[in-house]
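# Per-entry structural report
Take a look at the letters that make up each chain.
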Amino acid sequence: EFSFEPDDILIIDQYQKVQDSLREREEKNRIYLSVKEIQDQSYLLNGTFTIYRRFIPEEKSFRKEEEYPSQFQILKNGEYKVEETYKFPNIHNIPTFPEKEPLPETWEKPAKEIIYIPNLDLKIIVPFIVQYKYAGTEERIYQNQTIMTHKILYEYKLNHQVVPGNGPIKFIKGSSNGIIFYSTDLKMPIFNEQNHYYEFILKNMDVFKERFHIQSWYKKIKKVSKNKLLEDLKTLPQEIQIETTDKGITLNLKNILFDFNSYELKEDAKKILDTIFETLKQYPDREIQISGHTDNIGNEDYNKILSEKRAKAVSDYLIQKGFNENQISYKGYGSSHPKVPNDTAENRSKNRRVEILILTE
């Protein structure tokens, strides 16, 4: 069964290669959940599901695409209870275990998938039955330690007629198979590998196909004290403004890293980032999100591109210094997230900035 402590944070790093009817792409999803409440037979989890994309080998860093908040219950047997307002988690109830021991060699449990199409704001709920098979034990590596896990094979098929009038899709077919490695000591899976195939039959009878190869790594970490992190950050240069947020600690690097209209790091900027790296390498399991921002002067499309290139330059430099590429991401926001109104030259200078968010919650 699943189990969590009050100060646990569950992180799931999900890597997937996707091939559809038109092209191939590569994505990374990061699921970051903290325990909000512990009940008798369930745990209330709260957090975010974030989607990143990159093109390799030319790009080292992942670009942040979408971020979805969520809150849901996970029962001790693995069943989810999710409010209809949330789009994620997009797969519910895998794995779900029988309520009685000992574990049988095979069993079946219901599950469902949420297929969300952002550009149509379309959410389709697809129910199905999962067939599970217990496949023995195997040693696996978890956080540099060898632990014993239980292997669980699973498969299911999708055969779903979409409600008439609900967007351009008429029918969804598909199949999935995977293997889960579950630790009874940690009371959670530590790795899941899945192959998934979709066929979307449209109302005009066109067929759109997608294949996914998905690998998911699970880990539990403990919440970090913001006060402890703030104490460690006191050694940073005074030019850096340190701010506390709901999610963690933000380092506001203002407009000190780049020359006007440039995304090449200045030499002095590299020295500042070196200092930040030396401090943050004490927290190797924290997620780092880098965001670029501009004022509202000039073309907004250009501002967004410039802000993104600047955030990417910071991300690439910290990866080059030694940050794990799965720990760090970037995104440019242009002028859409001002700190203060863009009504004076002084205020506009405050809005031209790069921020580094260190997640603690």
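Below: a short report on this structure. (Residues numbered from 1 in each chain as written. Predicted model: local features only at pLDDT ≥ 70, side-chain atom pairs only at ≥ 80, totals over all residues. Heavy atoms only, no water.)

Attention now moves to the packing of aromatic side chains. Overall, the coordinates contain 18 aromatic pairs when judged by the stated rule. Ring plane angle 80 degrees and centroid distance 5.4 Å describe the contact between Phe4 and Tyr43, whose orientation is recorded as edge-to-face. In this pair, Phe4 sits in the segment before β1 (8-20) while Tyr43 sits in strand β3 (residues 42-53), placing the two residues 39 residues apart along the sequence. Comparing Phe4 with Tyr43 shows no difference in burial state: the two are buried. On the numbers, 5.3 Å between centres and 20 degrees between planes, the contact of Tyr198 with Phe200 is stacked. Sitting over the face of the ring of Tyr52, Lys28 holds its NZ or CZ atom 4.6 Å from the ring centroid. Lying across the ring of Phe181, Arg140 places its NZ or CZ 4.2 Å from the centre. (Phe/Tyr/Trp six-rings, centres within 6.5 Å; stacked < 30°, edge-to-face > 60°. Helix = DSSP H or I, 4+ residues; strand = E, 2+ residues; numbered from the N terminus. Buried < 20%, exposed > 50% of the residue type's maximum accessible area, 1.4 Å probe, protein only. Lys NZ or Arg CZ within 6 Å of the ring centre and 35° of its normal.)

Turning our attention to helix α1 (residues 226-233). Considered for burial, the residues of α1 that qualify are Leu229, Asp232 and Leu233. Mapping the buried residues of α1 onto a view down its axis gives an arc of 100 degrees, with all of them on the same face. Close packing links the buried residues of α1 with β13 (241-244), β14 (248-252), α2 (267-280) and β17 (353-359). (Arc of directions from axis to C-beta. Contact = heavy atoms within 4.5 Å.)

Within the element layout of this structure, Tyr218 appears in strand β12 (residues 207-222). C-alpha of Tyr218 to C-alpha of Leu257: the two residues are 39 residues apart in sequence and 35 Å apart in space. Setting aside anything within four residues of it in sequence, one finds Tyr218 in contact with Ile11, Ile12, Tyr142, Met188, Pro189, Ile190, Phe191 and Asn192.

Next up on the list: the packing of α2 against helix α3 (residues 300-321). Packing of α2 against α3 brings their axes to within 10 Å, and their N-to-C directions diverge by 55 degrees. Taken together, α2 and α3 sit at an angle that is classed as oblique. Two packed elements cross with a definite hand, and for α2 against α3 that hand is right-handed. In this structure, α2 contributes Lys270, Leu273, Asp274 and Phe277 to the contact, and α3 contributes Val314, Tyr317, Leu318 and Lys321. For the contact of α2 with α3, the class distribution of residues is five nonpolar, no polar and three charged. (Axes fitted to C-alpha atoms, helices over the stretch in contact; angles between N-to-C directions. Parallel < 35°, antiparallel > 145°, perpendicular 65-115°, else oblique. Left-handed = near helix turned anticlockwise from the far one by under 90°. Nonpolar A, V, L, I, M, F, W, Y, C, P; charged D, E, K, R; others polar.)

Shape is all these values report; function is a separate question.
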